[in-house]
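# Observations on the three-dimensional arrangement
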Amino acid sequence: MKLDNLFNTNLTKIKPNAIRAFDESASQVEGIIKLTLGQPDFNTPEHVKDAGIKAIQDNQTGYLSTPGDNRLRQAAANFVKEKYDLDYQWEDEVIVTVGATESLSTALQSICNPGDKIIVPSPYFTLYSSIIYLAGGEPIEVDTSANDFVMSPEMLKDTLEEHGDAVKAIILNYPTNPTGVNWTEEDAKAFADVLRDRPIFVISDEVYSELVYEEEHVSIAKYIREQAIVINGVSKSHAMTGWRVGLLFAPANIMSQLVKVHQNLVTTNSTISQLAARAALENGMNDAQPMREKYMMRRDYIYDFMTRLGFKIVKPSGTFYMFARIPEDLEQNSMDFCLDLAHSAAVAFVPGSAFGIGGESHVRLSYAASIDDIKEAMRRLEVFVKEKRENKKIKDY
Ligand SMILES: Cc1ncc(COP(=O)(O)O)c(C=O)c1O
């Protein structure tokens, strides 16, 4: 019996994950330093871990309600009000999801009909396109590299003109994975002005909102609340990627639809994780601060070092990523560059091509790594670049 053709055809649109394939190859290199990880290198704060342990000891191991723990939702509404001046009623405008990833799936499955177009400023977090395809939609990538990786209102207007009524939503992610760039209040306001009163949802992925360095985080939901679906969570802010707690915020009329998808996908999130996240948001409002300071120092170190080597970098103002343009006298194919760097210098960056159009000729580094590893990786990179400049041959791997 042949079953190969019976799968959901949307699956055929999902390409094999280039990052994973690269990682498998790089991992074979002994002693490799990987600056590839998309998760904090810090431990979950002690008081949060204690809350998780206590939840187990107190036998709080049954289901919670579908939208999530009441006190966690109150704390979440309070958190985004205090920090970002966003107004959401915890009772019917906040739900707890399984990581920000489920928030994305819930949002897109709630709004997409077959063929709906979803605008995605590119380079972008790699799951966006596959989650859109699985929801039946079609990603429309817009190359932002010419504008320092921020999508301008003009780019938005042009894209809307080209794709017309088929556009159902746009996914924004400031500060951005993979570039670390952020937008300003003026950028957000001007963008909101173009979207306001158009029948388009704005899915705003703000998972790095607590990792903004010198400026304030700006949420577009402040300017177009009625159209906005805000995604956040504790994965990056509280070093809790493995606890899988995301947060979804939307006006009640939108949330009443989203919650149906959430319920049918997962019923509810883990009780233990929710009670830990409750502690994070009730008692750890500023837990991100010490991590942010360390990330900033590492950013400065790498930025200065790589700029000196000839990489062009838009200095990140948040996240723990840096997106560096490979110097023009070196290999421009980012996969070939990264494979060569991994196998001959034992340093792993992620090829920029993995992040969509506008990403080629770049590499993404994550500085969620110790400063010792970062310094050694930079030293190896410098030797590698010097050797390449002296002998430009690239080997095949
Ligand atoms: C931009 C962005 N959104 C969402 C996620 C997923 O977050 P979570 O681990 O909470 O599902 C990530 C993880 O790297 C991310 O970079």
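Please refer to the structure higher up on the page.
What counts, and at which threshold
Residues numbered from 1 in each chain as written. Predicted model: local features only at pLDDT ≥ 70, side-chain atom pairs only at ≥ 80, totals over all residues. Heavy atoms only, no water. Axes fitted to C-alpha atoms, helices over the stretch in contact; angles between N-to-C directions. Helix = DSSP H or I, 4+ residues; strand = E, 2+ residues; numbered from the N terminus. Left-handed = near helix turned anticlockwise from the far one by under 90°. Contact = heavy atoms within 4.5 Å. Nonpolar A, V, L, I, M, F, W, Y, C, P; charged D, E, K, R; others polar. Pairing = 2+ DSSP bridges. Expected span 1.5 Å × (residues − 1). Patch = residues over 30% accessible without salt bridge, like charges linked within 9 Å, V, L, I, M, F, W, Y side chains within 5 Å. Areas by Shrake-Rupley, 256 points an atom, 1.4 Å probe, with all protein chains shown as cover. Salt bridge = Lys/Arg side-chain N within 4 Å of Asp/Glu carboxyl O. Buried < 20%, exposed > 50% of the residue type's maximum accessible area, 1.4 Å probe, protein only. Core = buried A, V, L, I, M, F, W, Y, C linked by side-chain atoms within 4.5 Å. Domains from an automatic or database assignment.

Remark: helix H5 (residues 99–111) packs on helix H6 (residues 127–134), axes separated minimally by 9 Å, with the N-to-C direction vectors making an angle of 40°. When you trace H5 past H6, the crossing you get is right-handed. Here Thr 101, Leu 104, Ser 105 and Leu 108 of H5 lie close against H6, whose contacting residues are Leu 127, Tyr 128, Ile 131 and Ile 132. Looking at the contact of H5 with H6 residue by residue, the class counts come to 6 nonpolar, 2 polar and no charged.

The subject of this paragraph is the sheet that holds strand S13 (residues 362–366). Taking strand neighbours across the sheet as the criterion, the 4 strands line up as S9-S10-S13-S12 in an open arrangement whose pairing is antiparallel. Strands with a single pairing partner mark the edges of an open sheet, and in this sheet they are strand S9 (312–313) and strand S12 (350–351). As paired strands, strand S10 (residues 321–325) and S13 are joined by 5 bridges and run antiparallel to one another. Looking at S13, one finds that Arg 325 is bridged to His 362.

Once that is clear, we can look at helix H3 (residues 70–84). Relative to the 21 Å expected for 15 residues at 1.5 Å per residue, H3 spans 21 Å between its end C-alpha atoms, a close match to the ideal helical length. Buried residues belonging to H3 abut helix H4 (90–93), strand S2 (94–98), strand S7 (228–233), strand S8 (245–249) and helix H10 (271–283). Count one or two residues on from H3 and you reach Asp 85, which has phi positive near 60°.

What the 7 strands build is an open sheet, ordered S2-S8-S7-S6-S5-S3-S4; its pairing is mixed. Of all strands in the sheet, those with a lone pairing partner are S2 and strand S4 (138–143), marking the two edges. Ignoring which end each strand starts from, the neighbouring axes of this sheet average 25° apart. The pairing of S2 with S8 spans 5 bridges and is antiparallel. Along S8, the bridge assignment pairs Ile 95 with Leu 248. Here helix H7 (residues 153–163) sits on the sheet and contacts strand S3 (117–122), S4 and strand S5 (167–172); the angle it forms with S4, its principal contact strand, is near 140°. Packed on one face of the sheet, helix H9 (residues 252–266) meets S2, strand S6 (201–205), S7 and S8 and runs near 25° to S2.

This paragraph deals with a nonpolar patch on the surface. Together, Met 1, Leu 3 and Leu 6 make up an exposed nonpolar region whose accessible area comes to about 430 Å². Along the chain, Leu 6 falls in the segment before helix H1 (18–27). Given a relative accessible area of 63%, Leu 6 falls into the exposed group.

The next point concerns the nonpolar core. By size, the foremost hydrophobic cluster in this structure holds 71 residues, and its most contacted members are Leu 108, Ile 203, Met 306, Phe 349 and Met 378. Per-element accounting of this core gives the leading share, 7 residues, to helix H11 (residues 288–309). Each of domain 1 (4–43 + 288–390) and domain 2 (61–283) contributes no fewer than three residues to this core. In this structure, Ile 119, Phe 149, Met 155 and Val 167 belong to the second largest nonpolar core, which totals 29 residues.

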